[in-house]
Amino acid sequence: MSLDRIDIAILETLQKDGRIPNAALAERVGLSQSACSRRLDNLEKSGTIRGYHARLSNAALGHQMTAIVHISLSGQFEKTLSDFEAAIKRCPNVLSCHLMSGEYDYILRIAAKDLVDYERIHKEWLSAMPHVTKINSSFALREIVDRTAVGLKPEMA
């Protein structure tokens, strides 16, 4: 889907305030409410907008620790990858999982209450994952950047 300057203005606004009413969004981007609603529908149907979410604070929910975990598998066969990916999706503490190039096969971001909780996650989940041969864990000391908004430029159109 090709994005014009109005689509980009809609997306930039929604990245800052996903709960903005359609009337306010339409006014902000210079459209009628019905035209704005049609644009939103098109952005959603094209997959450009994947959803609307509340951002929760892991710390406020008792998950004070973030672990970055590198996983190596026994091979890169399709079945090996799909088995691991199906299993990792079931672990509720995994915030993100990325298939990687380079030394490790996957990088995970995991929320844990504390070191004891991470040990439980390691034993009950990570070590039990199919085809895992190596787990390397690092712990975040402080979060510097955690963006949900991607920079949009008008020249994307």
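Remember, predicted model here, so these are calculated numbers, not experimental data.

Enquirer: Sorry, what's going on with the overall build of the protein chain here?
Expert: When helices and strands are counted, the protein chain shows five helices and four strands. For the protein chain, the α and β elements follow one another from N to C terminus as α-α-α-β-α-β-β-α-β. Along the longest, intermediate and shortest principal axes, the C-alpha atoms of the protein chain span 55 × 40 × 25 Å. Taken across its 157 residues, the protein chain has 30% of its residues classed as buried. Long-range pairs, those at least 24 residues apart, make up 63% of the contacts in the protein chain with a sequence separation of at least 6. Each charge class in the protein chain can be summarised by its mean position, and for the 20 positive and 19 negative side chains these summaries are 3 Å apart.

Enquirer: When you look at the UniProt feature "domain: HTH asnC-type" (unreviewed entry) in the protein chain in this model, what are you seeing that I'm missing?
Expert: Within this structure's numbering, the places UniProt gives as "domain: HTH asnC-type" (unreviewed entry) are residues 3-64. Taken end to end, residues 3-64 comprises 53% helix and 0% strand; its first and last C-alpha atoms sit 39 Å apart.

Enquirer: What is the right way to look at the packing of aromatic side chains in this model?
Expert: The way to describe two aromatic rings as a pair is by their centre distance and the angle between their planes. This model, assessed by the stated rule, comprises two aromatic pairs. Relative to tyrosine 106, the ring of phenylalanine 84 lies with its centre 4.5 Å away and its plane at 35 degrees, an arrangement referred to as tilted. Residue phenylalanine 84 is found in helix α4 (residues 78-88), and its partner tyrosine 106 is found in strand β3 (residues 106-112); the two are separated by 22 residues along the sequence. Here the two residues phenylalanine 84 and tyrosine 106 agree in accessibility, since each one is buried. Both rings, one in tyrosine 118 and one in phenylalanine 139, keep their centres 5.2 Å apart while their planes meet at 85 degrees; by these two values the pair is edge-to-face. Highlighted residues: tyrosine 118 in helix α5 (residues 115-126) and phenylalanine 139 in strand β4 (residues 132-139), separated in sequence by 21 residues. Residue tyrosine 118 is classed as buried on the basis of its relative accessible area, which comes to 5%. Taking relative accessible area as the criterion, phenylalanine 139 reaches 35% and is therefore assigned partly exposed.

Enquirer: Help me out: how do you make sense of the side chain of threonine 13 in this one?
Expert: Inspection of the secondary structure assignment puts threonine 13 in helix α1 (residues 5-16). With residues near it in sequence (within four places) discarded, threonine 13 still touches Ile20, Leu25, Arg28 and Val29.

Enquirer: In this structure, what is going on with the nonpolar core? I would like to understand it.
Expert: Nonpolar side chains in soluble globular proteins tend to end up buried together. Val69, Ile110, Tyr118 and Leu126 are the most contacted members of the largest nonpolar core, which has 19 residues in total. For this core, the secondary-structure elements that each account for two or more residues are β1 (65-73), α4, β3 and α5. Examining the composition of this core, we find that five residues originate from one element, β1, more than from any other. Excluding residues that lie within four positions of it along the chain, valine 69 makes contacts with Tyr106, Ile107, Leu108, Ile110, Tyr118, Leu126, Ile135, Asn136 and Ser137. By size, the runner-up hydrophobic cluster in this structure holds 15 residues, among which are Leu3, Ile8, Ala26 and Leu43.

Enquirer: Explain the environment of tyrosine 118 here, please?
Expert: For the pair tyrosine 118 and methionine 65, spaced 53 residues apart in sequence, the C-alpha to C-alpha distance is 8.3 Å. Discounting residues that sit within four places of it in the chain, tyrosine 118 has contacts with Met65, Ala67, Val69, Ile110, Ala112, Leu126, Ser137 and Phe139.

Enquirer: Is there a simple way to explain the packing of α1 against helix α3 (residues 33-45) in this structure?
Expert: The angle between the axes and the distance between the axes are what describe a pair of packed helices. For the pair α1 and α3, interaxial distance at closest approach is 11 Å and the crossing angle is 80 degrees. In this view, α1 runs roughly perpendicular relative to α3, as classed from their interaxial angle. Residue-level inspection shows Ile6, Asp7, Ile10, Leu11 and Leu14 of α1 in contact with α3, the latter providing Arg39, Leu40 and Leu43. Taken together, the residues of the contact of α1 with α3 break down into six nonpolar, no polar and two charged.

Parameters and conventions
Residues numbered from 1 in each chain as written. Predicted model: local features only at pLDDT ≥ 70, side-chain atom pairs only at ≥ 80, totals over all residues. Heavy atoms only, no water. Helix = DSSP H or I, 4+ residues; strand = E, 2+ residues; numbered from the N terminus. Buried < 20%, exposed > 50% of the residue type's maximum accessible area, 1.4 Å probe, protein only. Contact = heavy atoms within 4.5 Å. Lys, Arg positive; Asp, Glu negative; His and termini not counted. Charge placed at Lys NZ, Arg CZ, Asp CG, Glu CD. UniProt positions renumbered as here; feature names shortened; annotations may be inferred. Phe/Tyr/Trp six-rings, centres within 6.5 Å; stacked < 30°, edge-to-face > 60°. Core = buried A, V, L, I, M, F, W, Y, C linked by side-chain atoms within 4.5 Å. Axes fitted to C-alpha atoms, helices over the stretch in contact; angles between N-to-C directions. Parallel < 35°, antiparallel > 145°, perpendicular 65-115°, else oblique. Nonpolar A, V, L, I, M, F, W, Y, C, P; charged D, E, K, R; others polar.

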